[in-house]
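# Architecture at a glance
Given next are the chains, with one letter for each unit.
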Amino acid sequence: EAAVTQSPRSKVAVTGGKVTLSCHQTNNHDYMYWYRQDTGHGLRLIHYSYVADSTEKGDIPDGYKASRPSQENFSLILELASLSQTAVYFCASRSTPEVFFGKGTRLTVV
Amino acid sequence: GQQVQQSPASLVLQEGENAELQCNFSSTATQLQWFYQSPGGSLVSLLSNPSGTKHTGRLTSTTVTKERRSSLHISSSQTTDSGTYLCAIDFNNNNAPRFGAGTKLSVKP
């Protein structure tokens, strides 16, 4: 079974601070994704990547950067965290058609 | 735009009843997956069904590609089926799944 590991699992950040969420997959999948989920809502695509050293914008990229330094690792960076970025963030990798998710990171910006 | 709409938003059943969940999408779907999200938040893939009918256990999915809709039928519901069911679509082979808002299912004993 594909393994996708996110860290940290929860974080409290201050407004205006920098936050980095990390994701690691062990199955050599090409595609990796970052989604956010707000309470009571579905997942919205922030950034994704299909190869190392390249990232693509999803539907809500504003305020987020992504980095894919290797096949296994995919990070989401909030340069200036804002209250509106409080959410649960999910990383996923894919072996088409299946998508495998990490357990999520609960980010609270105060 | 590329939209995924799920209905109903919530559903309450007595154990043993059947559930029918709907997913409608705005343009051509090259991949379609149904996911289960547990009350604790974990997401697992249930099945992939971009066209036709697929069965796995008590789950049956039927996708009518031309009509841009898919359904997920859960037979003989159990309390452990409670959670949120999400539909995810790849539009036009872009390999970037878009999700609906989900159907929250509650099964009472």
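You'll find the structure just up there.
Presented here is an overview of the structure given in this document. It should be emphasised that the depicted structure is a prediction, and the values quoted were computed from it without experimental measurement.

## Here's the deal with the interface of chain A and chain B
Contact with chain A, which involves 17 residues of that partner, is made by 18 residues of chain B. For the pairing of chain A and chain B, the buried interface totals around 1,500 Å² over both sides, and the portion due to carbon and sulfur atoms is 52%. Considering only the side of chain A, the residues that lose the most area to chain B are Leu43(A), Arg94(A) and Phe101(A), jointly responsible for 28% of the buried surface there. Between the two partners, chain A and chain B, sit 2 salt bridges. Here Arg98(B) makes a salt bridge to Asp59(A), at a shortest N to O gap of 2.8 Å. Applying the counting criterion to the chain A and chain B interface returns 7 residue pairs in polar contact (both at pLDDT 80 or more). When residues of the side of chain A that touches chain B are traced back to their parent elements, those giving at least two are β4 (31-37), β5 (43-51), β9 (87-95) and β10 (98-101) of chain A. A per-element tally of the side of chain A that touches chain B places β4(A) first, with 4 residues.

## Digging into a nonpolar patch on the surface
Residue and element names in this part refer to chain A. Nonpolar side chains collect at one region of the surface, where Val12, Val14 and Val110 lie side by side and expose about 290 Å² of accessible area between them. Mapped onto the fold, valine 14 is located in the loop between β2 (10-13) and β3 (19-25). In this structure valine 14 comes out as exposed when scored by relative accessible area, which is 53%.

## Considerations on the state of the cysteines
All told, the structure shown has 2 disulfides over all chains when counted by the stated rule. With a sulfur-sulfur separation of 1.9 Å, Cys23(A) is cross-linked through a disulfide to Cys91(A). Between Cys23(A) and Cys91(A), the S-S dihedral sits near -80°, and the bridge is therefore left-handed. Taken together, the residues Cys23(A) in strand β3 and Cys91(A) in strand β9 connect sequence positions 68 residues apart. Each member of the pair, Cys23(A) as well as Cys91(A), is classed as buried. In this model, Cys23(B) is linked to Cys87(B) through a disulfide, with the two sulfur atoms separated by 2.1 Å. The chirality of the disulfide connecting Cys23(B) with Cys87(B) is left-handed, given an S-S dihedral of about -70°.

Thresholds applied
Residues numbered from 1 in each chain as written. Chains lettered and ligands numbered in written order. Predicted model: local features only at pLDDT ≥ 70, side-chain atom pairs only at ≥ 80, totals over all residues. Heavy atoms only, no water. Contact = heavy atoms within 4.5 Å. Buried area = accessible area lost by both parts, 1.4 Å probe. Salt bridge = Lys/Arg side-chain N within 4 Å of Asp/Glu carboxyl O. Polar contact = N/O pair within 3.5 Å; in protein donor to acceptor, adjacent residues only side chain to side chain. Helix = DSSP H or I, 4+ residues; strand = E, 2+ residues; numbered from the N terminus. Patch = residues over 30% accessible without salt bridge, like charges linked within 9 Å, V, L, I, M, F, W, Y side chains within 5 Å. Areas by Shrake-Rupley, 256 points an atom, 1.4 Å probe, with all protein chains shown as cover. Buried < 20%, exposed > 50% of the residue type's maximum accessible area, 1.4 Å probe, protein only. Disulfide = S-S within 2.5 Å.

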